[in-house]
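Below, each chain spelled out in residue letters.
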Amino acid sequence: MTEQRIALVTGANQGIGYALVEELAQRMNPEDLVLLTGRNPERVAAAAARVEGRARVEGRVLDVTDGEAVRRLAAELGAVDIVVSNAVGPLEPGVAPVEQVDEFVDVANLGAQHMLRAFGPILRPGGRLIVVASSLGTLEQLPKDLWGRFDEVSLEDVEKVVEEWRTAVHDGTAQAQGWPEWINLPSKVAQVAAARAVAAERRDRDLAENTLVASVCPGLVDTRASRPWFEDFSQAKSPADAVVPIADLILADAVDPGVYGELIRDGRVVAWKPRQTPRQFG
């Protein structure tokens, strides 16, 4: 009998997260379990009930900003095979950064950090630990003076920088320190840096066990969150289309060492530093 696999996706009651749950449920086995998580109990229950697929789907209430709640769920599950950190906080045009930075960072950055810390240690050999980020999460989005804050650093270093940047936004010194005004940029860089930091510590063991830690970019996707920020959606993907290459990466039989720890978009490595050239992995 095939051993049950357990997959968990955060921020999954709508948009990309929900589409990924559907895709995994359709492609995984009947004995497998896909956990659809989110903060709102009613939305989570309704979303889980809508999913149709081969694998079993269950809804779980999880606030990724609550580190203790994340640790409790990890302890309850004991072992997992697929973990996708996808939760994202609200961000609106025309609203001052200082009014949005706390909730946005708590969900997108602290949430990802909590997931990496709690679920990395219980990931089974052959597992997948994925952070959904963006191609905006590369060092070239920041002044070069800030690159060293995120490059080849530990997860603790990333956490420290995120809090220092958040504080600078609040006290009005962020732009003087070189931080972009659009808070999405430092946040996305920090997400990718967090995944890279964890991957660097685990790389040799993970590759020996066919385990993958990476971040992924779904590209421009037509969702409620992206609508306020872009005018032209003629080239945008639907959530269902956007998650296909992500599911391909997650469900691939073997881990390509070239993608381990990297930011991946549609099967290609997105350069962390400008001097690097994107490469194609089959």
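Every value quoted in this text rests on a predicted model; they were computed, and no experiment measured them. (Residues numbered from 1 in each chain as written. Predicted model: local features only at pLDDT ≥ 70, side-chain atom pairs only at ≥ 80, totals over all residues. Heavy atoms only, no water.)

Participant: What am I meant to see in the packing of aromatic side chains here?
Facilitator: In this description, a pair of aromatic rings is defined by centroid distance and the angle of the planes. Scanning the entire structure with this criterion turns up two aromatic pairs. Between the aromatic rings of F150 and W179, the centroid separation amounts to 6.1 Å while the plane-to-plane angle is 80°, which identifies the pairing as edge-to-face. Highlighted residues: F150 in the loop between β5 (123-132) and α5 (155-171) and W179 in the loop between α5 and α6 (184-208), separated in sequence by 29 residues. Like W179, F150 is buried. Between W165 and W179 the ring centres are 6.1 Å apart and the planes differ by 45°, which places this aromatic pair in the tilted class. Taken as a pair, W165 in helix α5 and W179 in the loop between α5 and α6 lie far apart in primary sequence, 14 residues in all. Like W179, W165 is buried. Put simply, the rings of F150, W165 and W179 touch in pairs and so form one group of aromatic residues. When the ring centre of Y18 is taken as origin, the NZ or CZ atom of R50, which lies over that ring, is 4.8 Å away. (Phe/Tyr/Trp six-rings, centres within 6.5 Å; stacked < 30°, edge-to-face > 60°. Helix = DSSP H or I, 4+ residues; strand = E, 2+ residues; numbered from the N terminus. Buried < 20%, exposed > 50% of the residue type's maximum accessible area, 1.4 Å probe, protein only. Lys NZ or Arg CZ within 6 Å of the ring centre and 35° of its normal.)

Participant: What exactly am I supposed to notice about the sheet that holds strand β4 (residues 80-85) here?
Facilitator: Adjacent strands of a sheet pair through backbone hydrogen bonds, lying either parallel or antiparallel. Strand order in the open sheet made by the eight strands is β3-β2-β1-β4-β5-β6-β7-β8, with mixed pairing throughout. Looking along the sheet, the strands with just one partner apiece sit at the ends: β3 (56-61) and β8 (268-270). The average undirected angle you get between the axes of adjacent strands in this sheet is 25°. Two strands pair when backbone bridges link them, and strand β2 (residues 33-38) and β3 are joined in this way by six bridges, in the parallel orientation. (Pairing = 2+ DSSP bridges. Axes fitted to C-alpha atoms, helices over the stretch in contact; angles between N-to-C directions.)

Participant: Where do I start with the pairing of β2 in this structure?
Facilitator: Counting buried positions along β2 yields six of six residues, so the element is predominantly enclosed. Burial along β2 is two-sided: L33, L35 and T37 facing one way and V34, L36 and G38 facing the other are all buried. Across four bridges, strand β1 (residues 6-9) lies against β2 in parallel orientation. Of the residues in β2, the one forming a bridge with V9 is L36. Handedness of the β1-helix α1 (residues 15-27)-β2 crossover: right-handed. Viewed along the sheet, the connection from β2 through helix α2 (residues 41-50) into β3 turns out right-handed. (Right-handed = clockwise from strand over helix to strand, strands pointing away.)

Participant: I keep staring at unusual backbone geometry and nothing clicks. Help me out?
Facilitator: Excluding glycine, residues mostly carry a negative phi; peptide bonds, for their part, are mostly trans. Not every positive phi belongs to a glycine, and E152 is a case in point at roughly 55°. Its location among the elements puts E152 in the loop between β5 and α5. Look at E152 and you get exposed, because its relative accessible area is 76%. If you check the backbone angles, D266 has positive phi at about 50° while not being a glycine. Within the secondary structure, D266 sits in the loop between β7 (263-265) and β8.

Participant: What should I look at first to understand the packing of helix α4 (residues 97-119) against α5 in this one?
Facilitator: Pairs of packed helices are described in terms of their axes, by the angle between the two and the distance that separates them. Across the interface, α4 lies against α5 with an axial gap of 10 Å and an inter-helix angle of 170°. By the criterion of interaxial angle, the relationship of α4 to α5 is roughly antiparallel. For the pair α4 and α5, contact is made by P97, V98, V101, D102, V105, D106, N109, L110, Q113 and R117 and by L155, E156, V158, E159, V162, E163, W165, R166, V169 and H170, respectively. Residues of the contact of α4 with α5, tallied by class, amount to ten nonpolar, three polar and seven charged. (Parallel < 35°, antiparallel > 145°, perpendicular 65-115°, else oblique. Contact = heavy atoms within 4.5 Å. Nonpolar A, V, L, I, M, F, W, Y, C, P; charged D, E, K, R; others polar.)

Participant: Even after reading the chapter, I still don't get the pattern of salt bridges, so can you show me in this structure?
Facilitator: Opposite charge on two side chains lets them pair, provided their charged atoms get close. All told, the structure shown has 21 salt bridges when counted by the stated rule. In this structure, E103 and R39 form a salt bridge, with 3.6 Å as the shortest nitrogen-oxygen distance. Highlighted residues: E103 in helix α4 and R39 in the loop between β2 and α2, separated in sequence by 64 residues. Taking relative accessible area as the criterion, R39 reaches 44% and is therefore assigned partly exposed. Of the charged contacts, one joins E58 and R60 as a salt bridge, the two residues approaching to 4.0 Å between their closest N and O atoms. According to the relative accessible area criterion, E58 is partly exposed, its value standing at 25%. For R60, a relative accessible area of 22% puts it in the partly exposed group. The structure contains a network of salt bridges with shared partners spanning R56, E58, R60 and E76. (Salt bridge = Lys/Arg side-chain N within 4 Å of Asp/Glu carboxyl O.)

By themselves, these figures tell us nothing about what the structure is for.
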